[in-house]
Amino acid sequence: MAWRIFLTLIACGSMMACNSDNENAVKVNTTPEPVQSESVEVQAVDDNLSESESESESESESEFLTQSAPEPECDLESVNLLDFVPWQREEGWWVGEYTFLGADGDPNVSASWPYRYDHYRGFIHLEVIGNSIKQRNVFLYPAKNSSECDSVEDVVGSGICGDNGNEKVFSADQSASDCDGNLSGPFEAFGMTLSTTTTLIGDDTVLYQVRLPDGSFTQNQLTTLPPNDTRVRTAQGFFMGSSTYASYYRERKVTKEEFVQLLEETRQEYNILELDYCGYDSGGNPSNVSCDEHFGVVLGD
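Residues numbered from 1 in each chain as written. Predicted model: local features only at pLDDT ≥ 70, side-chain atom pairs only at ≥ 80, totals over all residues. Heavy atoms only, no water.

Account for the overall build of the protein, with residues named and values stated.
Counting secondary structure elements, the protein contains five helices and 10 strands. Taken across its 301 residues, the protein has 38% of its residues classed as buried. Put simply, the protein shows about 17,300 Å² of open surface, and 51% of that area lies on carbon and sulfur atoms. (Helix = DSSP H or I, 4+ residues; strand = E, 2+ residues; numbered from the N terminus. Buried < 20%, exposed > 50% of the residue type's maximum accessible area, 1.4 Å probe, protein only. Areas by Shrake-Rupley, 256 points an atom, 1.4 Å probe, with all protein chains shown as cover.)

Quick look at the structure:
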């Protein structure tokens, strides 16, 4: 699942300003004057022009220096992500209907996780804390179709193939990478550190990307946020330049109480054993955490 996880101006003066400059120009007296007086007046004109040019150059230098001055550095510690509309919309409790497709376009079939990917459900808590986001998920999968079971033991844990579903937990944390609401953070998977970035595109679109240590991307995920407490996510997965999977997630925001209720209802529907609740990590290995520990809150309250 770690591979599926789941981005001017310089204004010219107005014509009125130009006319004003012309009107303020010094006018030369056309009445004949003694040579000395004419010389003094011409000198005055030259002095005025020189002064005007000097002021103009000074203003140009000031404007250049102002435009060339580097922007102040972003203080990442002072960023409040809730100042940005997408994070206001994304914070909270979410439930979703998911479909996960393999490279051939059919529902994914995993050799290590023998459960259905055509329709399964996700439960997500996304918490914004200052300049960081903490995401905790649990995905619930229905039991494999009985006709596809090689044996009743084709399961993870103590369930029965074709009878019991199962669930996985997933965690992701990111922090502000600039003062524009964008995020970044590492993700550990298969002994490697993957880099993740999240880029805001307006108030209703978010691009999430995961890259391998060599810089190549392994996932591009687009989130669309309609103004009705829903979100739609689609992800494209890659490995060594080849398409490996695609996902289609439809989610809605709920209260914590609804979250807990719907989680319990889905567990009953999928016949998931209580000892498997939040029992496995994204790689299908024992998570060794309770649901309360995973989400960092007491879900029963």
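Outline the state of the cysteines, supporting the account with residue identities and numerical values.
One pass over the full model with this rule turns up three disulfides. A sulfur-sulfur distance of 1.9 Å marks the disulfide that ties Cys74 to Cys179. Disulfide Cys74-Cys179: the torsion about the S-S bond is 95°, which places it as right-handed. A residue pair is termed long-range when its members are at least 10 positions apart, and Cys74 in the loop between helix H2 (35-68) and helix H3 (85-90) and Cys179 in the loop between strand S4 (166-176) and strand S5 (183-189) qualify at 105 residues. Given a relative accessible area of 38%, Cys179 falls into the partly exposed group. Across the disulfide, Cys149 is cross-linked to Cys161 (sulfur-sulfur distance 2.0 Å). In this structure, the disulfide formed by Cys149 and Cys161 twists by about -85° around the S-S bond and is classed as left-handed. Taken together, the residues Cys149 in the loop between strand S3 (132-141) and S4 and Cys161 in the loop between S3 and S4 connect sequence positions 12 residues apart. Sequence-ordered numbering of the bonded cysteines in the protein gives a pairing of 1-4, 2-3, 5-6. (Disulfide = S-S within 2.5 Å.)

Break down the side chain of Thr196 for me, with residues and values.
Following the sequence through the fold, Thr196 ends up in strand S6 (residues 192-200). Here the side chain of Thr196 touches Gln174 through a polar contact of 2.8 Å, side chain to side chain. One polar contact links the side chain of Thr196 to the main-chain carbonyl oxygen of Gly185, over a distance of 2.7 Å. (Polar contact = N/O pair within 3.5 Å; in protein donor to acceptor, adjacent residues only side chain to side chain.)

Got a sec to walk through the nonpolar core? Specific residues and values, please.
Soluble globular proteins tend to pack their nonpolar side chains together in the buried interior. Counting 24 residues, the largest nonpolar core has Trp113, Tyr120 and Tyr141 as its most contacted members. Those elements giving two or more residues to this core turn out to be strand S1 (92-102), strand S2 (120-129), S3, S4, S5, strand S7 (205-211) and strand S10 (242-254). Looking at which element gives the most residues to this core, the answer is S1, with three residues. Grouped together as the second largest cluster of nonpolar side chains are 16 residues, Val138, Leu140, Val169 and Leu263 included. (Core = buried A, V, L, I, M, F, W, Y, C linked by side-chain atoms within 4.5 Å.)

An account of the pattern of salt bridges is requested, with residue identities and associated values reported.
Evaluated as defined, the whole model comprises nine salt bridges. Across the salt bridge formed by Arg121 and Glu269, the nearest N and O atoms sit 2.7 Å from each other. With Arg121 in strand S2 and Glu269 in helix H4 (residues 256-269), this pair connects stretches of sequence that are 148 residues apart. On the basis of relative accessible area, Arg121 is assigned to the buried category, the value being 18%. (Salt bridge = Lys/Arg side-chain N within 4 Å of Asp/Glu carboxyl O.)

Any details on the pairing of S3? Residues and values, ideally.
S3 sits mainly inside the fold: eight of its 10 residues count as buried. As paired elements, S2 and S3 share nine bridges and run antiparallel to each other. Of the residues in S3, the one forming a bridge with Phe123 is Val138. The hairpin turn running from S2 into S3, its antiparallel successor, is two residues long, and Gly130 in that turn takes a positive phi close to 60°. For S3 and S4, the ladder comprises 10 bridges, and the chain directions are antiparallel. Looking at S4, one finds that Lys134 is bridged to Asp173. (Pairing = 2+ DSSP bridges.)

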